[in-house]
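For reference, the chains in residue letters:
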Amino acid sequence: MKAKVVLLGPPGCGKGTQAEKMGDDLGYVKLSTGDMLREAVRNQTELGMKAKGYMDSGALVPNDLIIGLMKEKIAGLDKILLDGFPRTVEQADALAEQVEVDLAINIDVDDAELINRLTQRRSCPECNAVYHLTNKPPAKEGVCDKCGSQLYQRDDDTEATVKNRLEVYRQNTFPLIEYYEKKGKLVTIPGVGDIEEIYAKIKAALE
Ligand code: AMP
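In what follows, the accompanying structure is described. (Residues numbered from 1 in each chain as written. Predicted model: local features only at pLDDT ≥ 70, side-chain atom pairs only at ≥ 80, totals over all residues. Heavy atoms only, no water.)

**Here we look at the sheet that holds strand E3 (residues 80-83)**
Basically, it comes down to this: The pairing criterion is simple: DSSP has to find at least two bridges between the two strands. Strands here mean DSSP runs of E at least two residues long; helices mean DSSP runs of H or I at least four residues long; both are numbered from the N terminus. Orientation is described by axes fitted as lines to C-alpha atoms, over the contacting stretch for helices, and by angles from 0 to 180 degrees between their N-to-C directions. Two residues form a contact once any of their heavy atoms are found within 4.5 Å.
Taken in spatial order, the five strands line up as E2-E3-E1-E4-E7 in an open sheet, and their pairing is parallel. Only two strands of the sheet have a single neighbouring strand rather than two, namely strand E2 (29-32) and strand E7 (186-190). Strand-to-strand, the axes of this sheet are offset by a mean angle of 20 degrees, without reference to chain direction. Alignment of strand E4 (residues 103-108) against E7, held across five bridges, turns out to be parallel. Note on E7: the bridge partner recorded for Ile105 is Val187. In the packing of helix H9 (residues 195-206) onto the sheet, contacts are made with strand E1 (4-8), E4 and E7, and the angle to E7 comes to roughly 165 degrees.

**Quick look at the environment of Asp155**
Within the fold, Asp155 resides in the loop between strand E6 (130-132) and helix H7 (159-173). Considering only alpha carbons, one finds Asp155 and Ile74, 81 residues apart in sequence, at a separation of 28 Å. With residues near it in sequence (within four places) discarded, Asp155 still touches Asp56 and Thr161.

**What about the site of the ligand?**
Filter applied, for reference: Being near a molecule or strand, for a residue, comes down to having at least one heavy atom within 4 Å of it. Definition of a polar contact: a pair of N or O atoms within 3.5 Å, with one able to donate and the other able to accept a hydrogen when the atoms are protein atoms, and with sequence-neighbouring residues admitted only if both atoms are side-chain atoms. Note on areas: Shrake-Rupley with a 1.4 Å probe; residue coverage comes only from the protein chains shown. Polar here means any residue other than Ala, Val, Leu, Ile, Met, Phe, Trp, Tyr, Cys and Pro, which are nonpolar, and Asp, Glu, Lys and Arg, which are charged; Gly is therefore polar.
In the vicinity of the ligand, 16 residues are found, and the nearest of them are Thr33, Arg38, Ala59, Gly84 and Gln91. One of the side-chain N or O atoms of Arg38 is found 2.9 Å from an oxygen atom in the ligand. Between the ligand and Gln91 there is a distance of 2.9 Å, counted from a nitrogen atom to a side-chain nitrogen or oxygen. Protein coverage of the free-state accessible area of the ligand, which is 480 Å², stands at 95%. Of the residues forming the shell around the ligand, the biggest block, four residues, is contributed by helix H2 (residues 33-42). Classifying every residue of the shell around the ligand gives seven nonpolar, four polar and five charged.

And the structure:
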């Protein structure tokens, strides 16, 4: 099974949902830069205070902050799943210096669907589980199925910020598809349809 895995794809493509399943089911250590940054913002750490403004507008947090953070987290781990990192070519180069990526999984979803998913997304601040108001509602309205915490809407999941995030993705992160394709490490999986079916395709690609 592939040990060092990167999840690519635009915001809302289902990276977080699939990463959660892979972590629970296959024992990957999931490292999500978005989750780490949101926790840093909540705890008002130095990193969080530096990152907040960028995140609220949908911009990327500067490479040096992210690269330093991830270098530390990745060190010594064998089976890792990177969700939301790398997001720029500079980050991908820094990652390549530290470990060899075995597989980059690109989850493909069109923009109209992404906007729908993100604006209807609700998240758990404690365990980071994600829901969708109509496609994947929690059993009890507003409450996380997994840990019972109160769900919330992320500040950057509003329509205007979502559009900016998609533009930022196109400019900065989309080139990573070609980056990993050239290295012979890319697999693209359609991200629309049943979550379990998408997961089955991801699992097959990992073997
Ligand atoms: P996400 O939860 O992956 O959608 O990330 C939320 C926000 O955190 C992004 O819009 C960025 O502001 C920031 N962020 C997350 N990962 C990165 C990264 N690898 N590089 C720069 N900024 C990031």
